[in-house]
Amino acid sequence: MGVVYNGFIGDTARNRGGGWVRCSAQRLMDVTDKALYEGIAQAVPGRRVTDISAGIQNYVEGNGFSVCGNFVGHGVGRVDA
């Protein structure tokens, strides 16, 4: 889902299993869901975007997964008219 509001572009996506899901796939979805909130917790005044990504990466790696650096960031943000 995406939205343009007051000159800003934002988007979101959620993972959900349909029907029977392997335990390993469910664990991956659970970790990525919690990683989102770890990043959001870092999004406070005085912090940098790198603090958000570090919070996500630390949580993900602490749970035995890794972040694929080639596929992060995709250009959402402010629309310059």
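Just so we're clear, the structure is a prediction, and the values are computed from it rather than from any experiment. (Residues numbered from 1 in each chain as written. Predicted model: local features only at pLDDT ≥ 70, side-chain atom pairs only at ≥ 80, totals over all residues. Heavy atoms only, no water.)

### Regarding the confidence of the model for the chain
Per-residue pLDDT for the chain has a mean of 85; in total, 86% of the residues score no lower than 70. At the low end of the mean pLDDT range in the chain sits strand 2 (residues 8-11), at 79; at the high end sits helix 2 (residues 49-62), at 94. (pLDDT = per-residue confidence, 0-100. Helix = DSSP H or I, 4+ residues; strand = E, 2+ residues; numbered from the N terminus.)

### Digging into the environment of Leu 28
Secondary-structure assignment places Leu 28 in helix 1 (residues 23-42). By relative accessible area, which is 38% here, Leu 28 ends up partly exposed. Sequence separation between Leu 28 and Gly 64 is 36 residues, and the spatial gap between their C-alpha atoms is 9.6 Å. (Buried < 20%, exposed > 50% of the residue type's maximum accessible area, 1.4 Å probe, protein only.)

### Digging into the packing of helix 1 against helix 2
Packing of helix 1 against helix 2 brings their axes to within 8 Å, and their N-to-C directions diverge by 150°. It follows from the interaxial angle that helix 1 and helix 2 lie roughly antiparallel. In the packing of helix 1 onto helix 2, the handedness of the crossing is right-handed. Note on element contacts: helix 2 touches helix 1 through Asp 51, Ile 52, Gly 55, Ile 56, Tyr 59 and Val 60, opposite Val 31, Lys 34, Ala 35, Glu 38, Gly 39 and Gln 42. In terms of residue class, the contact of helix 1 with helix 2 is made up of six nonpolar, three polar and three charged. (Axes fitted to C-alpha atoms, helices over the stretch in contact; angles between N-to-C directions. Parallel < 35°, antiparallel > 145°, perpendicular 65-115°, else oblique. Left-handed = near helix turned anticlockwise from the far one by under 90°. Contact = heavy atoms within 4.5 Å. Nonpolar A, V, L, I, M, F, W, Y, C, P; charged D, E, K, R; others polar.)

### So, the pairing of strand 2
Relative to strand 2, strand 1 (residues 2-5) is paired through four bridges, and the arrangement is antiparallel. Residue Tyr 5 lies in a different strand from strand 2, and its bridge partner there is Phe 8. (Pairing = 2+ DSSP bridges.)

### With respect to the packing of aromatic side chains
Scanning the model with the defined rule gives zero aromatic pairs in all. The residue whose ring lies beneath Lys 34 is Tyr 59, and the NZ or CZ to ring-centre distance is 5.8 Å. (Phe/Tyr/Trp six-rings, centres within 6.5 Å; stacked < 30°, edge-to-face > 60°. Lys NZ or Arg CZ within 6 Å of the ring centre and 35° of its normal.)

### As for helix 2
When the terminal C-alpha atoms of helix 2 are compared, their 20 Å separation across 14 residues agrees well with the 20 Å that a helix rising 1.5 Å per residue should span. Positive backbone phi, at 85°, marks Gly 64, one or two positions downstream of helix 2. (Expected span 1.5 Å × (residues − 1).)

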